[in-house]
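Chain by chain, the residues run as shown.
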Amino acid sequence: MKQIIYSTGVFETELTITPPAEDPSYNAPYRAIIRQPQYELRKTSNCLTKFIIEKGDDAVLHDLTIKSDKAIKDLKDGLILLDECKTICDKEQRFRRMYRAAQNNHSDVCENIQYIEIADETSQGCHALYRFFDGVIDGTIPCKIGEVLEQKYNPTHCQFSPIKIVSNNG
């Protein structure tokens, strides 16, 4: 299973203009030097996320279902505690929700990530980044225009691996 995070493509544009500063080395009265204003153009987009089924995910779901059923049976027999059973069943339910979302090609809003494209007066072209902010972690990942983020699910640890940038060329 992998999770893809990408821009909605709907941008809110913010234009910041800084007026030209006076040039103290220019002493002629009543004359002005006209300069281009400095600017930064930011296009900010919210992100969407969706899951994609990969080879072997059927077996992972089957394995988690067997473990969940066994945990419920062991709980009834008094072999494990309720907390242990709940942890095992939660892992199976989480994966099953992701699997169903992937089957239905369902996209969902990614609350704590924004995609930002930036252009400025340097004429060095546009660049982009993903910004994370969840109350604890606040950071950015630079990327090329239109690239997506990808996380791979690790069934051994029942969690996703660190996010990486994926080129949309292939």
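Residues numbered from 1 in each chain as written. Predicted model: local features only at pLDDT ≥ 70, side-chain atom pairs only at ≥ 80, totals over all residues. Heavy atoms only, no water.

Some thoughts on the overall build of the chain
A tally of regular secondary structure across the chain gives two helices and nine strands. Going residue by residue from the N terminus, the α and β elements of the chain occur as β-β-β-α-α-β-β-β-β-β-β. In the chain, which comprises 170 residues, the share counted as buried stands at 28%. In the chain, once contacts between residues fewer than 6 apart in sequence are set aside, the share between residues at least 24 apart is 62%. When the accessible surface of the chain is summed, it comes to about 11,900 Å², and 53% of that surface belongs to carbon and sulfur atoms. (Helix = DSSP H or I, 4+ residues; strand = E, 2+ residues; numbered from the N terminus. Buried < 20%, exposed > 50% of the residue type's maximum accessible area, 1.4 Å probe, protein only. Contact = heavy atoms within 4.5 Å. Areas by Shrake-Rupley, 256 points an atom, 1.4 Å probe, with all protein chains shown as cover.)

Looking at the packing of helix α1 (residues 57–76) against helix α2 (residues 82–103)
Contact pair α1 / α2: the axes reach a minimum separation of 9 Å and the direction vectors enclose 155°. Viewed along their axes, α1 and α2 adopt a mutual orientation that is roughly antiparallel. Between α1 and α2 the crossing geometry is left-handed. Of the residues in α2, those touching α1 at Asp57, Asp58, Val60, Leu61, Leu64, Thr65, Lys67, Ser68, Ala71, Ile72 and Leu75 are Leu82, Cys85, Ile88, Cys89, Lys91, Glu92, Phe95, Arg96 and Tyr99. (Axes fitted to C-alpha atoms, helices over the stretch in contact; angles between N-to-C directions. Parallel < 35°, antiparallel > 145°, perpendicular 65-115°, else oblique. Left-handed = near helix turned anticlockwise from the far one by under 90°.)

Brief notes about the packing of aromatic side chains
Inspection of the entire model under this criterion finds five aromatic pairs. For the ring pair Tyr115 and Tyr130, a centre distance of 5.2 Å and an interplane angle of 55° mean the geometry is tilted. Taken together, the residues span a long stretch of sequence, with Tyr115 in strand β4 (residues 107–120) and Tyr130 in strand β5 (residues 127–133) at a distance of 15 residues. Across this residue pair, the class does not change: Tyr115 and Tyr130 are buried. (Phe/Tyr/Trp six-rings, centres within 6.5 Å; stacked < 30°, edge-to-face > 60°.)

Things to note about the pairing of strand β6 (residues 138–143)
Of the pairings in the sheet, the one linking β5 to β6 comprises six bridges and is antiparallel in character. Bridge assignment links Leu129 to a residue of β6, and that residue is Pro142. The hairpin turn running from β5 into β6, its antiparallel successor, is four residues long, and Gly135 in that turn takes a positive phi close to 95°. (Pairing = 2+ DSSP bridges.)

With respect to the confidence of the model for the chain
Predicted confidence across the chain gives a mean pLDDT of 83, with 78% of residues reaching 70 or more. The least confident element of the chain, judged by mean pLDDT, is strand β2 (residues 12–18) at 65; the most confident is α1 at 96. (pLDDT = per-residue confidence, 0-100.)

Brief notes about the environment of Glu12
You can see Glu12 is positioned in strand β2. Residues Glu12 and Lys43, 31 residues apart in the sequence, show an inter-C-alpha distance of 5.7 Å.

Considering the nonpolar core
Met1, Phe51, Val60, Leu61, Leu64, Phe95, Met98, Tyr99, Ala101, Ala102, Tyr153 and Cys158 together form the largest nonpolar core, which totals twelve residues. Counting only elements with at least two residues in this core, the list comes to α1 and α2. By residue number, the principal contributor to this core is α2, which donates five residues. Ile113, Tyr115, Phe132 and Cys143 belong to the second largest nonpolar core, which has ten residues in total. (Core = buried A, V, L, I, M, F, W, Y, C linked by side-chain atoms within 4.5 Å.)

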